[in-house]
Each structure stands twice: as structure tokens, then as C-alpha cells.
Amino acid sequence: MRTTCLLLVAVLALSCAQVRADVFPDESLLKIDKDKAGGGKGTLHGAYAFTRDKATKDQAIKEVSRLTLMPGDSIGYHQHVTNEDTYVIVSGQGTFKDKDGKDYPVKAGDVTIVRKGESHGIANTGKEPLVFIDVIAEQ
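Residues numbered from 1 in each chain as written. Predicted model: local features only at pLDDT ≥ 70, side-chain atom pairs only at ≥ 80, totals over all residues. Heavy atoms only, no water.

### Points about the overall build of the protein
When helices and strands are tallied, the protein shows one helix and 10 strands. Starting at the N terminus and ending at the C terminus, the protein contains elements arranged as α-β-β-β-β-β-β-β-β-β-β. Pairs at least 24 residues apart make up 62% of the contacts formed inside the protein by residues separated by at least 6 positions. Summing over all exposed atoms, the protein offers an accessible surface of approximately 8,900 Å²; the carbon and sulfur share of this is 58%. (Helix = DSSP H or I, 4+ residues; strand = E, 2+ residues; numbered from the N terminus. Contact = heavy atoms within 4.5 Å. Areas by Shrake-Rupley, 256 points an atom, 1.4 Å probe, with all protein chains shown as cover.)

### Details of the side chain of T68
Here T68 lies in strand β3 (residues 61-69). Residues in contact with T68, not counting those within four places in the same chain, are T43, L44, H45, P129, L130 and V131.

### Notes on the pattern of salt bridges
Tallied over the full model, the rule gives seven salt bridges. Residues E63 and R52 are paired through a salt bridge, measuring 3.4 Å at the closest nitrogen-oxygen approach. Of this pair, E63 sits in strand β3 while R52 sits in the loop between β2 (43-50) and β3, and the two are 11 residues apart along the sequence. On the basis of relative accessible area, R52 is assigned to the partly exposed category, the value being 43%. Residue R115 is joined to E84 by a salt bridge in which the shortest nitrogen-to-oxygen separation is 3.2 Å. Within this pair, whereas R115 is found in the loop between β8 (111-114) and β9 (119-124), its partner E84 is found in strand β5 (residues 84-91), the two being separated by 31 residues in sequence. (Salt bridge = Lys/Arg side-chain N within 4 Å of Asp/Glu carboxyl O. Buried < 20%, exposed > 50% of the residue type's maximum accessible area, 1.4 Å probe, protein only.)

### Here we look at the sheet that holds strand β6 (residues 93-97)
The four strands lie next to each other as β4-β9-β6-β7, forming an open sheet whose pairing is antiparallel. The open sheet has two edge strands with one neighbour each: β4 (74-79) and β7 (103-107). Ignoring which end each strand starts from, the neighbouring axes of this sheet average 20 degrees apart. The pairing of β6 with β9 spans four bridges and is classified as antiparallel. (Pairing = 2+ DSSP bridges. Axes fitted to C-alpha atoms, helices over the stretch in contact; angles between N-to-C directions.)

### Quick notes on the pairing of β9
Most of β9 is tucked away: five of the six residues are buried. In this sheet, β9 lies alongside β4 in antiparallel orientation, the contact comprising four bridges. Across the sheet, residue I75 finds its bridge partner in β9, namely I122.

### Focus on the environment of N124
By secondary structure assignment, the location of N124 is in strand β9. Owing to a relative accessible area of 3%, N124 belongs among the buried residues under this scheme. Separated by 31 residues in the primary sequence, N124 and Q93 place their C-alpha atoms 6.2 Å from one another. Contact partners of N124, with chain neighbours within four places excluded, come to L69, M70, P71, G72, D73, Q93, G94, P129 and L130. One polar contact links the side chain of N124 to the main-chain carbonyl oxygen of E128, over a distance of 2.8 Å. (Polar contact = N/O pair within 3.5 Å; in protein donor to acceptor, adjacent residues only side chain to side chain.)

Without other data, these values stay purely geometric and don't point to any function.
In C-alpha cells form, the structure reads like this:
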């Protein structure tokens, strides 16, 4: 009986461990700067919870980061062939170019989405840093 109880506790513990949430403290984020990201201008400053090469095949979310573009800098218009990309604007203002090449002003609180096979880009057109959360997912 004791062995059965211990086995049950071990199975439950493993089950719970598989559904836990991950926390990535700010100080643990991987800092990566990219020049002319997506063919854009200037430098994209990134703080990544994890990068695409760290996600497993069965994980839909492939990359999560906090990105910053300084005034005048941009991520060029580029296509997402196999994945989807979402920007959640945290602060600043800019211009988002959608799948049809149409420009939209974006500011804190706005959310943009590009689906698999679609293109997009974003530029900081304001006077302050444009900060946004970037989530890349793949089915």
C-alpha cells in the first residue's frame, strides 16, 4: 500500500510539473541587438525569454521577447513563411505596415498580428523609444 501511495504521489508530481507556468525574470532575459532587422533601419534591441532554437517542436510559442526601437529605427517589411507574429505595444508610438502594405499608427495598448505567409514591418516614428512584446508562434 505504501509503495502504491508513493507511486501515485510521484505520478501526480510529474503531472503537475508538466503544466506549470514558466517565469523569466527581467535580469535573466537574453540581450540581443540586431542591426537592420528584417532589412530595416538602425538597431533592434531585444530582451528574450527564449529564442526559436530553444523551443521544442511541440511548443506552439517559439519565441518571446521585449523589443525596443529607438526613434527613426525600424524592422523592415518581411514575410513570416512558417510562423505567426504578434506585437503588443508597451510604450512609444510608431507605424505598423500590415500584410497589404497599409500603414497604421500604433501606440501603447495596441496589438498587431501577422499570420503564416503574411508580411509586416514596424517603425518608430515617435520621439521616445518604441517598446513592444513580440510573440512568435508556429503550428
